[in-house]
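# Coordinate analysis (summary)
Listed here are the chains, written in short residue letters.
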Amino acid sequence: MMEHSKHVEPVNTVPRRERPGASAEETDVDYARQMGTRLGFWAAVMTAASSAVALAVAVTTPPRSGPYCRSGCISYPYTDVAEYVPRDYLWMYPAILGAIAFVVLAASVHSSASGRWKGWTLAGTCLAVVAAGALVIDYGLQLSVVQPSLLAGETSDLSLLSQYNPHGIFIGLENLGYATLALAAMFLGVPLANTALKAAPAAGRVLFLGGVLALGLLVFLGFLYQEQLEYRFEVLGLLVMDLVLVVSGALLAVAFFRPRPLPYERRDWRGYHGKVVPS
């Protein structure tokens, strides 16, 4: 006797939260937000850790030129610096990781935000992308172009790119990057300060107030020193924003943390609905 084949409904085993009475579309939105919190947790950890390492190494790197240099200062064309490679460039590696991690963190905040705050978080995410782009390009040029050129003795065209030039491209891109990062922190801080997700309100206040402080320093120092601004804002902007990323990253890691799997219902790529898996 021929047996009739039975259609077996696929079951997805990925943990997921299901709200009673939610439509399939609403359930998919809930799933996206839950996945955002998992990604956000690791992005927050990476942001805090990378920024902490970058800040610790940066503040122990002595100034070799400009207004804060006290002895043995380098002068134009700022290219007789091969002896400082790689020591003076080490802090840029974790700084690149921190900038990229912050973009992922901003995207996670955006995916987890309620509808009324989506405009704020989208603006914050876009500004984070601009800031990270400026900083990653800036630090990437130092690590992949300037550093090997100094070691090879190819220094004829490096003056504008040198990090020791207080009027150079490096300082200009850093100023742009940290000013834009401050704006991104402000836009992300407002919706976070108005949510009830564990430590998120505290993280939102840190982001917003830190962004205001950094931009306030840029305006004040720019007005005070004008064309002689040099790297004064770069130093203070890096200090303020790295501290902001360390503290807010740690707080958001707490906010995004989920200690156990949650029940779910989700449609797979063929449109079938899986069964609810108990937690």
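Summary of the structure given here. Every value quoted in this text rests on a predicted model; they were computed, and no experiment measured them.

This paragraph deals with the nonpolar core. Judged by nonpolar contacts, the single largest core of 60 residues is most densely connected at Tyr89, Trp91, Phe102, Tyr139, Tyr178, Met241 and Leu252. Secondary-structure elements contributing two or more residues to this core are α1 (24-59), α2 (92-112), α3 (118-152), α4 (169-193), α5 (200-225) and α6 (232-256). Among all residues touching tyrosine 139, those that are not within four sequence positions of it are Trp91, Met92, Ala95, Ile96, Phe170, Glu174, Tyr178 and Leu238.

Before going further, it helps to examine the state of the cysteines. Per the stated rule, a full pass over the model turns up one disulfide. Paired through a disulfide, cysteine 69 and cysteine 73 show a sulfur-sulfur distance of 2.0 Å. Disulfide cysteine 69-cysteine 73: torsion about the S-S bond near -110 degrees, hence left-handed.

Turning our eyes to something else, we now look at the environment of leucine 143. Assignment of secondary structure puts leucine 143 in helix α3. Spatially, the C-alpha atoms of leucine 143 and proline 86 are 9.0 Å apart, while their sequence positions differ by 57 residues. Setting aside chain neighbours within four positions, we find leucine 143 in contact with Tyr89, Met92, Tyr93, Ile96 and Pro148.

Let us now look at the pattern of salt bridges. Summed over the entire model, instances satisfying the criterion amount to one salt bridge. Among the ionic pairs, arginine 64 bridges to aspartate 88, the shortest N-O distance being 2.8 Å. Taken as a pair, arginine 64 in the loop between α1 and α2 and aspartate 88 in the loop between α1 and α2 lie far apart in primary sequence, 24 residues in all. For the pair formed by arginine 64 and aspartate 88, the shared burial category is buried.

Now for empty space enclosed by the protein. As enumerated under the stated definition, the model contains one cavity of 30 Å³ or more in all. Together, 15 residues line the largest cavity, and Ala95, Gly98, Ala99, Leu135 and Leu245 are the ones closest to its centre. Secondary-structure elements contributing two or more residues to the lining of the largest cavity are α1, α2, α3, α4 and α6. For the lining of the largest cavity, the leading source of residues is α2, giving five residues.

Here is what the cut-offs are and how they apply
Residues numbered from 1 in each chain as written. Predicted model: local features only at pLDDT ≥ 70, side-chain atom pairs only at ≥ 80, totals over all residues. Heavy atoms only, no water. Core = buried A, V, L, I, M, F, W, Y, C linked by side-chain atoms within 4.5 Å. Buried < 20%, exposed > 50% of the residue type's maximum accessible area, 1.4 Å probe, protein only. Helix = DSSP H or I, 4+ residues; strand = E, 2+ residues; numbered from the N terminus. Contact = heavy atoms within 4.5 Å. Disulfide = S-S within 2.5 Å. Salt bridge = Lys/Arg side-chain N within 4 Å of Asp/Glu carboxyl O. 1 Å grid on protein atoms, 1.4 Å probe; cavity = no way out; pocket = protein on both sides within 12 Å on 5 of 7 lines; lining within 4 Å. Points joined across faces, edges and corners; volume = space filled by probe spheres on them.

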